[in-house]
Structures are given as structure tokens and as C-alpha cells.
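Structure assessment
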Amino acid sequence: MEGIDSSEVSVSDRREEQPIQDASLPLPAAFLEFLSENGLDPAVYSMAATIPRYIRLKPGMESQIAEIEGELKCGLHKVPWLPGFYAIPPEIQIAGSKAYQQGKIYGIDASSGAAILALDVRPGDHVLDLCAAPGAKLCMLADMLGSTGSLTGVDVAKHRLAACRTMLQKYSLGDRTRLFVADGTLFSLLPVDSSLRRVEGSTDLEGNENTFSEWTSRRSWKDRQRAKKANATGLQHLQATSEPELIYYGKHSGLVGLCKSDVLCPSADDAACTSGYDKVLVDAECTHDGSVKHIQKFEFWGWKTLDRRVLDAERTDNLLQLQLRLLTNGFKLLKTGGSLVYSTCSLTVAQNENVVQKFLSTHPLADLQKIDLSDSWPCRSGGIPKTLRFDPATSQTSGLFVAKFSKLPT
Ligand SMILES: C[S@@+](CC[C@H](N)C(=O)[O-])C[C@H]1O[C@@H](n2cnc3c(N)ncnc32)[C@H](O)[C@@H]1O
């Protein structure tokens, strides 16, 4: 599931409003109206039960397919167009399986895998994931990087980013990763500058507040005091300071031994062109209406929650601004020649093509790119040539919009 946690939905919200019972489509009137306003076909939601579930194998687990099939009690059907991905029957729940608990497989939709493949991560790349939680795509990026480059994950929701940290640790993927609780529209930290001076013998400097020692889950006295103060005033750290809060960094993320003030300082406006990220993913917050399996879950969570989380007009207006601002800031942090992928799991034109159009009209250095690999993908063109739409009806995946940009030289 992407975007909304079941934990964010209170029990009292559940089943408060009965949906219109149309034999196959128990969708509430307000949602049907939302679909109609956006020219979307409600029939797509009746497919939730037949669209396969997808898993991705942890690289190196290919020899254990038979064993994993035994643990999941179903066959794994290779997705021919997406390396490492397998389709399983939609009713199979993976979370309770040994294969999942032991970190041999990931639950991630094939369309999400395609968005990551579109980014074309190369060894040594510095990669930024600006809306990282809960972390399915972040893990795939980390697997693609392996033991090279760096990965920076940002999300505004601390509890969701903490879930990313747990995922990275479970799959042993955190070595080159940094995680910041921050507003992605304002985040301005660039990849670690390899020429920065390191403090000698600094792997174990617990006492030194000014230098990064190896990351530990134990917080320093100063950090504990800061958190206490934030709790007492009812403020989250992010809201209180608007500064990025580093909640995890790996041994090889480049931070160990560096002075905190050297790393945690905002970059100059044009610095990203030369020292920015090679690849940026902006998997933006959206109404999630294309995630058909996710929408189905509102039947259990309560349709009123869907009204609040998906349909609220003011929220949607704010979302459009947020999406444009996330895309704009992600592009600002991109190196010249680098690539950025913008994706949402909404099927609406407003959150996809319109955002891309507005962005292109004000960013002459942004060059919309054809995604070469997509010729073999089961998707169709979006409303703007070169953009892509995974549509549950034709692609047999969750819905996803994908656009790729490169940054031209000035
Ligand atoms: C579609 S989800 C991302 C899913 C994620 N990429 C994955 O594959 O698991 C959107 C995320 O954007 C985050 N978000 C919302 N507003 C944000 C902001 N201003 N800055 C950074 N993240 C934001 C939400 O907390 C949410 O986790």
C-alpha cells in the first residue's frame, strides 16, 4: 500500500457511511462523483479482485524460487517485462509468510517497479527520493545502487519515514542511505561533498556533538532534550524548526567523520547544477485513486475516511500545488544532465498531465524524455506525448502516471 497507512484511520471512522450498493461496485456517491468529474470509469474498481499481486525478489534469491513458492503456497509467475518481479494470485497475503519476514521478497506493484526502472539508476549515482515513505521504491533504488553511490530519502511524515528505516534495516539496505524528515518542497541538502575534511578516527565519537559518529538508535542527551521540549510544546521537531531531521544514516552514506555544520547547511541556489543529485524520484502525494486495491480497503476503513483523505476539494487543490512544488524542488536539486521521474498513483489529468504542463511552461531547462524501455511495457501514452499511464484495465497493475525529465545545461 502506498500513501495512506491503515494506522492513520481511526476505528470510529470505519463503516460510518454505507456506500451505494451497486451489485459489483460498492462505491460511495461522493467517490463516483469524483470519478465522473475527472472522466474516470468506475468499472476499474471492480477489477481489484482480479488484478494480480506483485512481488519483487531480493536480488540473489532467484535460486530459492521453489522454496518461496512453498512458503507462499502459490506459483510465482515471472513478469516478462520487469526483471525480478513476479505475479501471484491477488488473494495471497505475503506479510505473514516466512519469505517476507526473512527479507527474501518485497511487496511492490509492477507499475512502481517500472517507475524506478525509468530512472535508469547507474553505479555510483547519488539518488534522491523526495517522497520516500513507506519505502517500497526506496528499497528498489537501494538494491539497484548496491555498494556504490548514495541514496537520500525524504518524507514529511516522521512515523512513515521511521517505517522506511525499519524496512532498510530488515533488508540490509541502509549502508549508503540517509533519511531526512523534511518538507520535500523546501529540502535543500545536496549529496555529501567527497572533498569535505573528515575528523580522523571518528567512527566512534559518541561524545562529540559536532561530528557524525556511526549511527546508533540511542539518541544523544541533546537530542532527547530537544524531543522532550518539542513534545511538551506539542510541536513536532519539523514544525518547530523547519530544518531537516536526520533520522538514519548508514556507515557508508559519507557522513561518518564529517562536521555536522558542513553537511547540514542549505546549498546555494545554483550549486545543484554541478553538485546535485544524478537521479531524483518525486513519487508525489496524491489522491491514490489509481491504486484500486487501496481504494477497496476503504470498504473496511470507512467511506467517510475516503471523503476526507481523497475527495475533500480543498485538500485536492492543495495537493495540486504540493505536487508542482515537489516537482519544482526535486528538479532544482538535480544535477545538469541528471534525470528526474515524477509519478503519482492518481488517474486524474489534474494531478498528472496538468502538473507536468505547468512545470514545463516555467522550466525551460526541463526536457521531457521518452522512456526507452517502455516500448515493451503494458502501458499507454499519457495525454502528453512521452508520458506514460499504467491503467489497471489494460496493464493489469495498479494505476500509475510516469513522466521523466532531464536537466539541460544553462
Ligand atoms: C505516494 S506516497 C510515496 C510512496 C513511496 N514512494 C513508496 O514507494 O513507498 C507519498 C508520500 O509523500 C509524503 N509527503 C506528503 N507531503 C510531503 C512533503 N511536503 N514533503 C515530503 N513528503 C511529503 C507522504 O507522507 C507520503 O509518504
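No experiment lies behind these values; they were computed from the predicted model shown.

The next point concerns the nonpolar core. Residues Trp81, Leu141, Leu179, Trp377, Phe390 and Val402 are the most contacted members of the largest nonpolar core, which totals 48 residues. Those elements giving two or more residues to this core turn out to be β3 (85-88), α4 (110-119), α5 (136-145), α6 (158-170), β7 (177-181), β8 (245-249), β13 (388-390) and β14 (400-407).

When we look at burial in helix α13 (residues 303-311), the residues that qualify are Trp303, Thr305, Leu306, Arg309, Val310 and Leu311. The arc enclosing the buried residues of α13, seen along the axis, measures out at 165°, which places them on a common side.

With that out of the way, let us pick up unusual backbone geometry. Omega for the peptide link from Ala133 to Pro134 comes to 5°, which places this bond in the cis form. Its place among the elements puts Pro134 in the loop between β5 (126-129) and α5. The phi angle at His288 is positive, at roughly 65°, despite the residue not being glycine. Considering the arrangement of structural elements, one finds His288 in the loop between β9 (277-283) and α11 (292-296). Located in the positive-phi region is Lys386, a residue other than glycine, with phi close to 85°. Turning to its location among the elements, Lys386 is positioned in the loop between β12 (380-381) and β13. Accessibility expressed as a relative area gives 42% for Lys386, which makes it partly exposed.

Looking now at the site of the ligand. In the vicinity of the ligand there are 22 residues, among which Cys131, Gly135, Asp155, Gly184 and Asp283 approach most closely. Here an oxygen atom of the ligand sits 3.3 Å away from a polar atom, N or O, in the main chain of Pro134. A distance of 2.7 Å separates an oxygen atom of the ligand from a polar atom in the side chain of Asp155. Here the ligand has 610 Å² of accessible area as a free molecule, and 95% of this is covered by the chains. Those elements giving two or more residues to the shell around the ligand turn out to be α5 and α14 (313-332). Among the residues making up the shell around the ligand, the classes are represented as 12 nonpolar, three polar and seven charged.

Quick notes on the rules
Residues numbered from 1 in each chain as written. Predicted model: local features only at pLDDT ≥ 70, side-chain atom pairs only at ≥ 80, totals over all residues. Heavy atoms only, no water. Core = buried A, V, L, I, M, F, W, Y, C linked by side-chain atoms within 4.5 Å. Buried < 20%, exposed > 50% of the residue type's maximum accessible area, 1.4 Å probe, protein only. Helix = DSSP H or I, 4+ residues; strand = E, 2+ residues; numbered from the N terminus. Arc of directions from axis to C-beta. Near = heavy atom within 4 Å. Polar contact = N/O pair within 3.5 Å; in protein donor to acceptor, adjacent residues only side chain to side chain. Areas by Shrake-Rupley, 256 points an atom, 1.4 Å probe, with all protein chains shown as cover. Nonpolar A, V, L, I, M, F, W, Y, C, P; charged D, E, K, R; others polar.

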